[in-house]
Amino acid sequence: DPLAQQRTVEADLKPVAKVKRLITILYGNHTHRLFPKVGDITRFTCDNLKIQYGGFSCVVHFIDKHGLQFKGFFTHGKKMIRSIADDPVRREANEQLQLKQHLKNKMGDCILAAKGHTHRLIVCEPRSQLYLTTEEKNIREYSTKPGSFIAYVHPDHRWFVNTGSFLRSYGENVSSYAEMAEYDPINLGFAVVEVNHRRITNVRKVVL
């Protein structure tokens, strides 16, 4: 039942929250369905863990001793990501593009944007583009790169992430909602954002 699950989640996350490694938890569609009967169980969990409540969407400022490093936009999300392309290369590209389209117009100064909801583990990394300039009668080439957090960050220079899942779609003696919705099996896993010298240098998919 939901309250038993909530107690289990608290017990699992308490050690992480205690050492200040858990920033926030977001409100999602399952919590929303429970709201009329049990209230905002996510806010209650955050209060018990003494962490910031994220709501459905939030912007997190990642700050170190030197100040702001970068901003991240995080949302539970609602739109599905699905491609019926028959080739796995095209299917992956289609899913990355859908993810980018869902998130790119939300917060223009966040170099990292992520959503959950679909349970898929997808990373759409920045794409650099070559451009030419003329300097002192010479032609020189440069590549675009992620910009500063201070101003607008072009969507092509941001990281977009669908955060993955730990929930199996199929199991013996269990009929999950994913199975009943005819969802295809997906890789279980999560994303790790790697930060070096105050900048995001990689977002790594960890498949379980």
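Residues numbered from 1 in each chain as written. Predicted model: local features only at pLDDT ≥ 70, side-chain atom pairs only at ≥ 80, totals over all residues. Heavy atoms only, no water.

Student: Could you clarify how one ought to interpret the overall build of the protein chain in this entry?
Tutor: Scanning the protein chain from N- to C-terminus turns up five helices and 11 strands. For the C-alpha atoms alone, the extent of the protein chain along its principal axes is close to 70 × 50 × 30 Å. Across the 208 residues in the protein chain, those meeting the buried criterion constitute 34%. Counted over contacts in the protein chain with a minimum sequence separation of 6, partners at least 24 positions apart contribute 61%. As displayed, the protein chain has an accessible area near 14,200 Å², and 53% of this comes from carbon and sulfur atoms. For the protein chain, the centre of its 31 positive side-chain charges and the centre of its 21 negative side-chain charges are spaced 6 Å apart. (Helix = DSSP H or I, 4+ residues; strand = E, 2+ residues; numbered from the N terminus. Buried < 20%, exposed > 50% of the residue type's maximum accessible area, 1.4 Å probe, protein only. Contact = heavy atoms within 4.5 Å. Areas by Shrake-Rupley, 256 points an atom, 1.4 Å probe, with all protein chains shown as cover. Lys, Arg positive; Asp, Glu negative; His and termini not counted. Charge placed at Lys NZ, Arg CZ, Asp CG, Glu CD.)

Student: Help me out: how do you make sense of the packing of helix α1 (residues 2-18) against helix α3 (residues 41-49) in this one?
Tutor: When two helices pack together, their arrangement is given by the angle between the helix axes and the distance between those axes. Across the interface, α1 lies against α3 with an axial gap of 10 Å and an inter-helix angle of 35°. Considering the relative orientation of α1 and α3, their crossing is right-handed. Of α3, the residues touching α1 (which contributes Pro2, Leu3, Gln6, Val9, Glu10, Leu13, Lys14 and Ala17) are Ile41, Phe44, Thr45, Asn48 and Leu49. Looking at side-chain class alone, the contact of α1 with α3 contains eight nonpolar, three polar and two charged residues. (Axes fitted to C-alpha atoms, helices over the stretch in contact; angles between N-to-C directions. Left-handed = near helix turned anticlockwise from the far one by under 90°. Nonpolar A, V, L, I, M, F, W, Y, C, P; charged D, E, K, R; others polar.)

Student: Looking at this structure, how should I read the packing of aromatic side chains?
Tutor: The geometry of two aromatic rings is summed up by the distance between their centres and the angle between their planes. Enumeration according to the criterion identifies four aromatic pairs in this entry. Three or more aromatic residues link up through ring pairs in this structure, and these residues are Phe62, Phe70 and Phe74. (Phe/Tyr/Trp six-rings, centres within 6.5 Å; stacked < 30°, edge-to-face > 60°.)

Student: So what exactly am I meant to see when it comes to the nonpolar core here?
Tutor: Residues Phe74, Ile111, Leu112, Trp159, Val161, Ile200 and Val203 are the most contacted members of the largest nonpolar core, which totals 13 residues. With near-sequence residues (within four places) excluded, tryptophan 159 lies in contact with Ile111, Leu112, Ala113, Val123, Cys124, Glu125, Pro126, Ile200, Thr201, Asn202 and Val203. With nine residues, the next largest nonpolar core counts Leu103, Cys110, Ala113 and Ile122 among its residues. (Core = buried A, V, L, I, M, F, W, Y, C linked by side-chain atoms within 4.5 Å.)

Student: Got a minute to help me understand the pattern of salt bridges in this structure?
Tutor: Where side chains of opposite charge bring their charged atoms close, a pairing between them can arise. For the coordinates displayed, the defined rule picks out six salt bridges. For aspartate 64, the salt bridge identified is with arginine 198, shortest N-O distance 2.8 Å. Of this pair, aspartate 64 sits in strand β3 (residues 57-64) while arginine 198 is found in the loop between β10 (189-196) and β11 (199-207), placing the two residues 134 residues apart along the sequence. Using a relative accessible area of 25% as the deciding quantity, one classes aspartate 64 as partly exposed. For arginine 198, a relative accessible area of 28% gives the class partly exposed. (Salt bridge = Lys/Arg side-chain N within 4 Å of Asp/Glu carboxyl O.)

Student: Is there a simple way to think about the environment of aspartate 64 in this case?
Tutor: Separated by 38 residues in the primary sequence, aspartate 64 and leucine 26 place their C-alpha atoms 23 Å from one another. In this view, aspartate 64 contacts Gln69 and Arg198; residues no more than four positions away in its chain are not counted. From its side chain, aspartate 64 meets the backbone nitrogen of histidine 66 in a polar contact 2.9 Å long. (Polar contact = N/O pair within 3.5 Å; in protein donor to acceptor, adjacent residues only side chain to side chain.)

Limitation: the analysis is restricted to geometry and does not speak to function.
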